[in-house]
Amino acid sequence: MMNPFINGYKQLLTKWKELREEIIKSPSDINVLQTVVSFWSLAPLVNHVLDWDDPTNWPTPWEMLHMGLFDDSSVTMGMFYTLILADGDRWYPKRLRLLLIRDNVRHVQKIILEIDKKWLLNLDYNSVVDKQALGYKLLIQHEYCHDKEHNTISILPIKTSDKPVG
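Conventions used here
Residues numbered from 1 in each chain as written. Predicted model: local features only at pLDDT ≥ 70, side-chain atom pairs only at ≥ 80, totals over all residues. Heavy atoms only, no water. pLDDT = per-residue confidence, 0-100. Helix = DSSP H or I, 4+ residues; strand = E, 2+ residues; numbered from the N terminus. Buried < 20%, exposed > 50% of the residue type's maximum accessible area, 1.4 Å probe, protein only. Contact = heavy atoms within 4.5 Å. Core = buried A, V, L, I, M, F, W, Y, C linked by side-chain atoms within 4.5 Å. Axes fitted to C-alpha atoms, helices over the stretch in contact; angles between N-to-C directions. Parallel < 35°, antiparallel > 145°, perpendicular 65-115°, else oblique. Left-handed = near helix turned anticlockwise from the far one by under 90°. Expected span 1.5 Å × (residues − 1). Polar contact = N/O pair within 3.5 Å; in protein donor to acceptor, adjacent residues only side chain to side chain.

### Notes on the confidence of the model for the protein chain
Confidence in the prediction of the protein chain, expressed as mean pLDDT, is 91, and 94% of residues score 70 or more. Of all helices and strands in the protein chain, the one with the weakest mean pLDDT is strand β7 (residues 163-165) (59), whereas strand β3 (residues 119-121) scores best (98).

Spelled out as structure tokens, the structure:
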């Protein structure tokens, strides 16, 4: 796959639209997820883009693509928006969970995307991780909610701090 992130905003926007159209046609969820992960693994990364504690200031997907600035967590947001905007009937919000996690084994903290409580996107680079195969629990620090009507993200309350995933 040619890197869609290196030829400017208009080209990236076109390629992102083509990606969303392509994944609608695939009958296999795992193939869709791998295609989305492969696309977003090509994004060039910088140190910090999203303030995890203030999603009200996060860019829309189009602003994110226009700015061309991505960190681990905004790549996750790109994956989320790709799915949610591709086909509202298939990738409805209850299937997708945006989670700020802390992984004490790998010593990382970032936003990941959980699909069907089964797969994790953007935990590992360019991989769809089977949650059962992970072998340990991640700690949830925030769960985010997407309001499709207003295209906004907010933080959902978590009953206890650092709730384990799994």
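That shown, we press on.
### Some remarks on the environment of F5
By secondary structure assignment, the location of F5 is in the segment before α1 (9-25). Residue classification places F5 among the buried residues on the basis of a relative accessible area of 11%. Taking C-alpha positions, F5 is 23 Å from N57, a pair spaced 52 residues apart along the chain. The contacts of F5, once residues within four sequence positions are left out, are L12, F39, W40, L42, A43, P44 and F70.

### Comments concerning the nonpolar core
By size, the foremost hydrophobic cluster in this structure holds 37 residues, and its most contacted members are W40, M77, F80, L83, L113, I115 and L121. Those elements giving two or more residues to this core turn out to be α1, α2 (29-40), α3 (61-67), α4 (72-86), β1 (96-103), β2 (108-115) and β3. In terms of nonpolar packing, the next biggest core, distinct from the first, is built from nine residues, L99, L123, V129 and L134 among them.

### Some remarks on the packing of α1 against α4
At a minimum axis distance of 9 Å, the contact between α1 and α4 shows a crossing angle of 55°. It follows that α1 is oblique to α4 by the angle criterion. The two elements α1 and α4 cross, and the hand of that crossing is right-handed. In this structure, α1 contributes W16, L19, R20, I23 and I24 to the contact, and α4 contributes G78, Y81, T82, L83, L85 and A86.

### Description of unusual backbone geometry
For N122, which is not a glycine, the phi torsion comes out positive at approximately 70°. With respect to the element layout, N122 can be found in the loop between β3 and β4 (128-130). Within the chain, N126 stands out as a residue other than glycine whose phi angle is a positive 55°. Tracing the backbone through its elements, the reader meets N126 in the loop between β3 and β4. Given the relative accessible area of 32%, N126 is considered partly exposed.

### Brief notes about α4
One turn of an α-helix holds 3.6 residues; hence residues three or four places apart share an orientation. Between its terminal C-alpha atoms α4 stretches 21 Å, which fits the 21 Å expected from 15 residues at 1.5 Å a residue. Within α4, 13 of the 15 residues are buried, leaving the element largely enclosed by the surrounding structure. For α4, the N-terminal capping position is held by D71, with its side-chain oxygen 3.1 Å away from the main-chain nitrogen of S73.

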